[in-house]
Amino acid sequence: MLEKTGVPTPEQVKRAAPTEDRLKKGPVAVVECFQSIPCDPCQYACNQGAIKEFVDINDVPIIDHEECNGCGICISQCPGLAIFVIDATYSEDKGLVKVPHEYTPLPEKGEVVTGLDMAGNEACDAEVVKVQSAKSLDRTPVVWLAVPHDCLMKVRGFRRKGGAE
Ligand code: SF4
Ligand code: SF4
């Protein structure tokens, strides 16, 4: 499926997910990069050593969720837009998903957008909590989305209401 569509299988996504115990501890990165490709900026982005050193540039990244502090630095360093940070502790009824976003104009804080899954299908409504677009983010802005808890492992992008990305 991944090779044909670029969309990972539910099993692959499940394997990449942090454990329930880790999710209870706060923000953590999810690396949904499953194909062997010549790419490795993520291993240099993480100064916590959470993303294991590659032996070969074609390695598939491996993250140790226990070493990850959820800082999010790696999100904008990934050219494949395959790294997200999720925070299940954000509030009682909502979690936070931090997604890379390369479309302009950027959404506004407080805006309600349509959360999309990895395949671009609508998952749920999401509220924009913060937009990070500093130069230090390698020109890929990161948008923080508050979503219902059951959407935390689904929302990986969004579309602005009214048709704009
Ligand atoms: S979120 Fe921060 S600590 Fe976690 S893998 Fe990314 S850079 Fe490393
Ligand atoms: S930088 Fe992104 S696309 Fe490249 S190997 Fe790491 S996770 Fe995969």
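Preceding block: the structure.
Predicted model only: the values in this text are computed from it and were never measured.

Points about the site of ligand 1
Then, in step 1: Taken together, the residues surrounding ligand 1 are A29, C46, Q48, A50, I51, I63, C68, N69, G70, C71, G72 and C74.
Then, in step 2: Residues of the shell around ligand 1, tallied by class, amount to 8 nonpolar, 4 polar and no charged.

Some words on the nonpolar core
Then, in step 1: Among the nonpolar cores identified, the biggest contains 40 residues, and I83, L145 and V147 are the most heavily contacted of them.
Then, in step 2: Only β1 (28-31), α4 (41-45), β2 (83-87), β3 (94-100), β5 (122-132) and β6 (142-148) provide two or more residues apiece to this core.
Then, in step 3: Sequence-distant contacts of L145, that is, excluding residues within four places in its chain, are made with G95, L96, V97, V99, V113, A126, E127, V128, V155, G157 and F158.

Regarding the pairing of β5
Then, in step 1: Note that strand β4 (residues 112-116) and β5 share 5 bridges and pair antiparallel. The residue of β5 that forms the bridge with L116 is E122.
Then, in step 2: The antiparallel hairpin formed by β4 and β5 contains 5 residues in its connecting segment, where G120 sits at a positive phi of about 90 degrees.
Then, in step 3: In terms of strand pairing, β5 meets β6 through 5 bridges, oriented antiparallel. Bridged to Q132 within β6 is V142.

Description of the pairing of β1
Then, in step 1: Of the two faces of β1, both are covered, the one formed by V28 and V30 as well as the one formed by A29 and V31.
Then, in step 2: The sheet contact formed by β1 and β2 spans 4 bridges and is antiparallel. Paired with V30 across the bridge in β2 is F84.

Cut-offs used in this document
- Residues numbered from 1 in each chain as written.
- Chains lettered and ligands numbered in written order.
- Predicted model: local features only at pLDDT ≥ 70, side-chain atom pairs only at ≥ 80, totals over all residues.
- Heavy atoms only, no water.
- Near = heavy atom within 4 Å.
- Nonpolar A, V, L, I, M, F, W, Y, C, P; charged D, E, K, R; others polar.
- Core = buried A, V, L, I, M, F, W, Y, C linked by side-chain atoms within 4.5 Å.
- Buried < 20%, exposed > 50% of the residue type's maximum accessible area, 1.4 Å probe, protein only.
- Helix = DSSP H or I, 4+ residues; strand = E, 2+ residues; numbered from the N terminus.
- Contact = heavy atoms within 4.5 Å.
- Pairing = 2+ DSSP bridges.

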